[in-house]
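# Analysis of the macromolecular model
Now for the letters of each chain:
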Protein chains: 2
Amino acid sequence: MDSVAKKAQRYHHGDLRPELVRIGRKMIEAEARPSFRGLARAAGVSHSAPQHHFPTWSHVLAACAADGYRELSADLERVKANYGTHPSEALYKMGDAYLAFADRSPVIFRLMFNRSALDVRTDEFASEASAAYNHLVRSIRDTDPSMTDAHFDYLINSIWALIHGMSVLQIERQICVSTDDGQTAYQFLRRGLEALLES
Amino acid sequence: MDSVAKKAQRYHHGDLRPELVRIGRKMIEAEARPSFRGLARAAGVSHSAPQHHFPTWSHVLAACAADGYRELSADLERVKANYGTHPSEALYKMGDAYLAFADRSPVIFRLMFNRSALDVRTDEFASEASAAYNHLVRSIRDTDPSMTDAHFDYLINSIWALIHGMSVLQIERQICVSTDDGQTAYQFLRRGLEALLES
DNA sequence: GACCTATCTAGTCAATGACAAGATTGAGGG
DNA sequence: CCCTCAATCTTGTCATTGACTAGATAGGTC
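These remarks concern the structure in this document. (Residues numbered from 1 in each chain as written. Chains lettered and ligands numbered in written order. Predicted model: local features only at pLDDT ≥ 70, side-chain atom pairs only at ≥ 80, totals over all residues. Heavy atoms only, no water.)

With that out of the way, let us pick up the overall build of chain A. From N to C terminus, chain A includes nine helices and zero strands. Along chain A, from the amino end to the carboxyl end, the secondary structure elements read α-α-α-α-α-α-α-α-α. Sequence-distant contacts in chain A: of pairs separated by 6 or more residues, those separated by 24 or more amount to 65%. Accessible area of chain A: about 9,300 Å², with a carbon and sulfur share of 50%. Considering chain A, the positive charge centre built from 23 side chains and the negative charge centre built from 25 side chains are found 8 Å apart. (Helix = DSSP H or I, 4+ residues; strand = E, 2+ residues; numbered from the N terminus. Contact = heavy atoms within 4.5 Å. Areas by Shrake-Rupley, 256 points an atom, 1.4 Å probe, with all protein chains shown as cover. Lys, Arg positive; Asp, Glu negative; His and termini not counted. Charge placed at Lys NZ, Arg CZ, Asp CG, Glu CD.)

The next thing to look at is the interface of chain A and chain B. In this complex, chain A contributes 43 residues to the contact, which on the side of chain B involves 43 residues. A combined buried area of about 3,700 Å² lies between chain A and chain B, and 59% of that area is made up of carbon and sulfur atoms. The interface formed by chain A and chain B includes zero salt bridges. Linking chain A with chain B are 18 residue pairs in polar contact (both at pLDDT 80 or more), by the criterion used here. Secondary-structure elements contributing two or more residues to the side of chain A that touches chain B are helix H6 (106–112), helix H8 (149–171) and helix H9 (185–198) of chain A. Considering each element in turn, the side of chain A that touches chain B owes the most residues, 16 residues, to H8 of chain A. Residue composition of the side of chain A that touches chain B, by class: 19 nonpolar, 14 polar and 10 charged. (Buried area = accessible area lost by both parts, 1.4 Å probe. Salt bridge = Lys/Arg side-chain N within 4 Å of Asp/Glu carboxyl O. Polar contact = N/O pair within 3.5 Å; in protein donor to acceptor, adjacent residues only side chain to side chain. Nonpolar A, V, L, I, M, F, W, Y, C, P; charged D, E, K, R; others polar.)

Our focus in this paragraph is empty space enclosed by the protein. One simple way to see leftover space: roll a probe sized like a water molecule over the atoms. Residues and elements named next belong to chain B. What the rule picks out here adds up to one cavity of 30 Å³ or more. Of the pockets and cavities examined, the largest cavity occupies roughly 50 Å³. In terms of lining, the largest cavity is formed by Lys80, Tyr83, Gly84, Pro87, Ala90, Ser139 and Asp142. Looking at the lining of the largest cavity, the elements that each hand over two or more residues are helix H4 (57–83), helix H5 (87–104) and helix H7 (123–143). Grouping the constituent residues of the lining of the largest cavity by class yields three nonpolar, two polar and two charged. (1 Å grid on protein atoms, 1.4 Å probe; cavity = no way out; pocket = protein on both sides within 12 Å on 5 of 7 lines; lining within 4 Å. Points joined across faces, edges and corners; volume = space filled by probe spheres on them.)

Among the 25 residues in the neighbourhood of DNA strand C, the closest are listed as Arg37 of chain A together with Tyr11, Ser46, Ser48 and His53 of chain B. Backbone sugar and phosphate groups make up 49% of those atoms of DNA strand C lying within 4 Å of the protein. A distance of 3.1 Å separates a phosphate oxygen of DNA strand C from a polar backbone atom of Trp57 of chain A. Per-element accounting of the surface near DNA strand C gives the leading share, three residues, to helix H3 (residues 36–43) of chain A. Residues that form the surface near DNA strand C fall into these classes: seven nonpolar, 14 polar and four charged. (Near = heavy atom within 4 Å.)

Everything listed is a geometric property; what it means functionally is a separate question.
Next up, the structure:
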């Protein structure tokens, strides 16, 4: 009997919260109607056991969204570590990592940017979201450390908007390519980022 | 007794479907947990009356999303009518109209770009979405009728991504302004569009 | 006027979210 | 080592929900 099933047989799971987040992320991604009780079933515990870790289903969604930001942060950090000495290239590759994350986890990605669905505000969510954002901030600062605050404001908002928007269009399957020269969302994104950095 | 209440007293409502979409849009925007039965109550009919117009709740969501596209199209068309002789200016103002629509109806806006939540595909939704998109297509074509298809592909995707992304950041309250010179999302958007059009 | 179809009402059932009460167990202190 | 307390679980309950069904009403057409 594997470890998970064995744990399910014990009264005290011992590590239920992180397990619920891990299973929750999968369910939210894969099922049309993920639910609190479905999550409990998938974790092998009684229907209200998760409520001792998450008061409501909205708290589960917030925890899963925070976990999404955690993963996105790790992706962005890894890219920066590889291209740290080429700030513009780092930014293009961070955009690509953002696109790839959205492709891998489209439902969580949408949830991460849906303050109406996340009707609970948790510190965990806020701090993870902020950490991810700060990777982008530092990367843009690195492209020109002497830029004015006003120009930085323009760049951070327009660059993030372009990266985020391209990710949304991609997961909504709205990227339009009429020629057959193999242009991709990443190539459009890169050219757009180059244009914004030059402006 | 007003017309709506009078209709509610009759057995045959007579115009229930459009009424359900109108009420549904309001509910989806205003309530944390809009539901099929809540919609029926708000319309003053029995709990399963709406099912004769919408087989499932997902069909209600799809109809409301299509209605959102209908309204967005009207906004974009109105802007084009006013700035038709200045294609670039028309594009900037269409971006502003897009931002304004997202501000007015953030929940519907998110729903319109959430293929996972819209697990039914209706012809109505597809045609209204396509009509809205085509306003953008024509507007970009108008800025330079001689542009190549490959350049057009780059422009339509990056411009739409920038406009959409800026709208998402705005309704998620993520537009960051560190200076107090009154810069707005529209100003960032406009500068970004200028940069993309010049690239 | 009869018939048919569209559109409604009323009912049913399984699943759900949230809440409550009690059971189990792990950790800490005496 | 034992006791206590809190954390974490199980079981149960209730109102509401989505989807489905059966029957009632009424508008349109022939």
